[in-house]
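Secondary and tertiary structure notes
So the chains spell out like this:
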Amino acid sequence: MKKGVMRAGHVQIRVLDMDEAVSHYKQRMGLLETHREGDRVFFKGWTECEKYSVILREADSAGMDFMGFKVDSDARLDELHADLIEHGLEVDELPAGDLPDCGRRMSFLAPTGHRFELYAEKEVTGRHGVGHHNPEAWPEDLVGMKATRFDHCLFHGEDLDGVYDIFVNVLGFWLTEQAMAGEERVAQFFTCSMKEHEIAFIKAEGNTGAFHHASFHLETWQDVLHAADIISMHDISLDIGPTRHGLTHGATIYFFDPSGNRNETFCGGDYFFPDHPVVTWDADKLGKAVFYHSRELNERFLTVTT
Amino acid sequence: MYRIEVEGTGVEFECGPERSLLAGMEAQAKKAIAVGCRGGGCGFCKIRILEGDYDTKKMSVKFVSHSERLDGYALSCRVFPRSDMRVVALEDVEGNKIIDTGIIKL
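Residues numbered from 1 in each chain as written. Chains lettered and ligands numbered in written order. Predicted model: local features only at pLDDT ≥ 70, side-chain atom pairs only at ≥ 80, totals over all residues. Heavy atoms only, no water.

Considerations on the overall build of chain B
- Counting its secondary structure elements, chain B contains 3 helices and 7 strands.
- Walking chain B from its N terminus toward its C terminus, one meets helices and strands in the order β-β-α-β-β-α-β-β-β-α.
- Counting over 106 residues, chain B shows a buried share of 43%.
- For chain B, restricting intrachain contacts to residue pairs at least 6 apart in sequence, the fraction spanning at least 24 positions comes to 57%. (Helix = DSSP H or I, 4+ residues; strand = E, 2+ residues; numbered from the N terminus. Buried < 20%, exposed > 50% of the residue type's maximum accessible area, 1.4 Å probe, protein only. Contact = heavy atoms within 4.5 Å.)

Here it is, written out as structure tokens:
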């Protein structure tokens, strides 16, 4: 947290059919529905303190509308607003309440075609079912995969150097991991916390604004296997897993929501401190970097986006 | 059950009205149409329908525009047969050499 950006705070995902999507995110992923307004439904994982982290919007295409990062104070918003403008970006200031129970937001379009935003305030409703005073270990009313929190997103885009500049040099993120093809960075993972990544980008020429996945945290490998069972029990579209990544070393399973947006549930993996060296994977080890066990790239995982 | 023919591949499979063409193909372990998200969102399984009656579920306009819909284009994971059908796939299922596609540059 070099410049006050704390974490990935929310993501708004477009879905084709709201009823199917709500059933998936609520009954299968185990997120909690916390709000409904207009054409949008709001969710959070049970450990998350803010009122929501996932927003679904019914639309005529799948994909991501925007991803928001929480900063540590309102004053920081003005500082980063100025820094983004100085960097040459057009920044829209959205008033408090434009997103329900959320303070003002600074929104900008990154050169990869993805919209990101910063915010400092959102209603804090606390951990679901256990609260913050003599809290029990976990709530007993969870269903499905029991995802604990929205964790990070991965996007495909062309101008990786452009978003590197914004996240590292303007917003104060660290580069934690990268895949290199010679001198060219073809995958880059950024954090602003102890998590190995809050956001990541993969090089995909000609693909603009593409959404690869939103990821949700689970506690254990057994939970990842449990998620795999839920996927089979309910005939959810499986992408790949359970397996482990070389990049970040997280244990993972990937699948698709009913509109084709990719979801990940994962556990474990590496952690970050600012004195950690950058982890580098070479292009000729990319199979192992992506799928540590099979060591083979899979076309669907690398090319399907919404 | 209806008979579905994927033009130019020699692949035929049977598909009931409750199943999408893509799910029907996968259920019979046939490979003629590329399988992506299976949810109408990614465009991988795009086809053009040459013959036959069908219903569709909502699919992403990013990959099938309204005018394309009128010309018989669709995502096969969202197409439910109502008669025998003849279709053509737009993506080669053998396209699994991502290094050569330029989508990911290595």
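Structural notes on the nonpolar core
- Met67, Phe69, Phe116, Phe167, Leu171 and Ile199 of chain A are the most contacted members of the largest nonpolar core, which totals 62 residues.
- With 6 residues, the top contributor of residues to this core is helix α3 (residues 160-170) of chain A.
- Once you skip the residues sitting within four places of it in the chain, Phe69 of chain A turns out to touch Val5, Arg7, Ala8, Gly9, Phe116, Glu117, Leu118, Tyr119, Phe167, Phe173, Glu198 and Ile199 of chain A.
- In this structure, Phe13, Cys15, Ala32 and Cys77 of chain B belong to the second largest nonpolar core, which totals 24 residues. (Core = buried A, V, L, I, M, F, W, Y, C linked by side-chain atoms within 4.5 Å.)

A short note on the confidence of the model for chain B
- With 86% of its residues at a pLDDT of 70 or more, chain B shows a mean pLDDT of 87.
- Counting contacts from residues 95-106 of chain B, a segment whose pLDDT is below 50, to residues more than four positions away or on other chains yields 23 contacts. (pLDDT = per-residue confidence, 0-100.)

Details of the environment of Glu26 of chain B
Residue and element names in this part refer to chain B.
- Within the element layout of this structure, Glu26 appears in helix α1 (residues 21-27).
- Take Glu26: its relative accessible area is 31%, and that puts it in the partly exposed class.
- Once residues within four sequence positions are removed from consideration, Glu26 is found in contact with Val35 and Arg38.
- There is a polar contact of 2.7 Å between the side chain of Glu26 and the side chain of Arg38. (Polar contact = N/O pair within 3.5 Å; in protein donor to acceptor, adjacent residues only side chain to side chain.)

Topic: α3 of chain A
- If you check which residues of α3 of chain A are buried, you get Leu160, Gly162, Val163, Ile166, Phe167, Val168 and Val170 of chain A.
- Just downstream of α3 of chain A lies Gly172 of chain A, where phi reads positive at about 75°.

Some details on a nonpolar patch on the surface
- A contiguous nonpolar patch, built from Met194, Tyr271 and Phe273 of chain A and spanning about 330 Å² of accessible area, is present on the exposed surface.
- Assignment of secondary structure puts Met194 of chain A in the loop between β11 (184-191) and β12 (199-203). (Patch = residues over 30% accessible without salt bridge, like charges linked within 9 Å, V, L, I, M, F, W, Y side chains within 5 Å. Areas by Shrake-Rupley, 256 points an atom, 1.4 Å probe, with all protein chains shown as cover. Salt bridge = Lys/Arg side-chain N within 4 Å of Asp/Glu carboxyl O.)

Description of the sheet that holds strand β8 (residues 115-119) of chain A
Residue and element names in this part refer to chain A.
- The strand order across the open sheet formed by 8 strands is β2-β3-β4-β1-β5-β8-β7-β6, and the pairing between neighbours is mixed. If you trace the sheet from one side to the other, it starts and ends with β2 (32-37) and β6 (91-94), each paired once. Across the sheet, the mean angle from the axis of one strand to that of its neighbour is 25°, orientation sign disregarded.
- One ladder, built from 4 bridges, connects strand β3 (residues 40-44) with strand β4 (residues 54-58); its direction is antiparallel. Of the residues in β4, the one forming a bridge with Phe42 is Ile55. (Pairing = 2+ DSSP bridges. Axes fitted to C-alpha atoms, helices over the stretch in contact; angles between N-to-C directions.)

Overview of the interface of chain A and chain B
- Each partner contributes residues to the interface: chain A has 30 residues there, and chain B has 25 residues.
- Linking chain A to chain B there are 1 salt bridge.
- In this structure, the salt-bridge partner of Lys57 of chain B is Glu20 of chain A, at a minimum N-O distance of 2.6 Å.
- For the interface between chain A and chain B, the tally reads 9 residue pairs in polar contact (both at pLDDT 80 or more).
- Contributing elements (two or more residues each) for the side of chain A that touches chain B: β11, β12 and α6 (299-303) of chain A.
- Sort the elements by how many residues they give to the side of chain A that touches chain B and α6 of chain A lands first, with 4 residues.
- Within the side of chain A that touches chain B, the residues separate by chemical class into 14 nonpolar, 8 polar and 8 charged. (Nonpolar A, V, L, I, M, F, W, Y, C, P; charged D, E, K, R; others polar.)

Comments concerning the side chain of His245 of chain A
- You can see His245 of chain A is positioned in the loop between β14 (238-244) and β15 (251-256).
- Residue contacts for His245 of chain A: discarding those within four places in its chain leaves Gly250, Thr252, Tyr254, Glu264, Ala289, Val290, Tyr292 and Phe301 of chain A.

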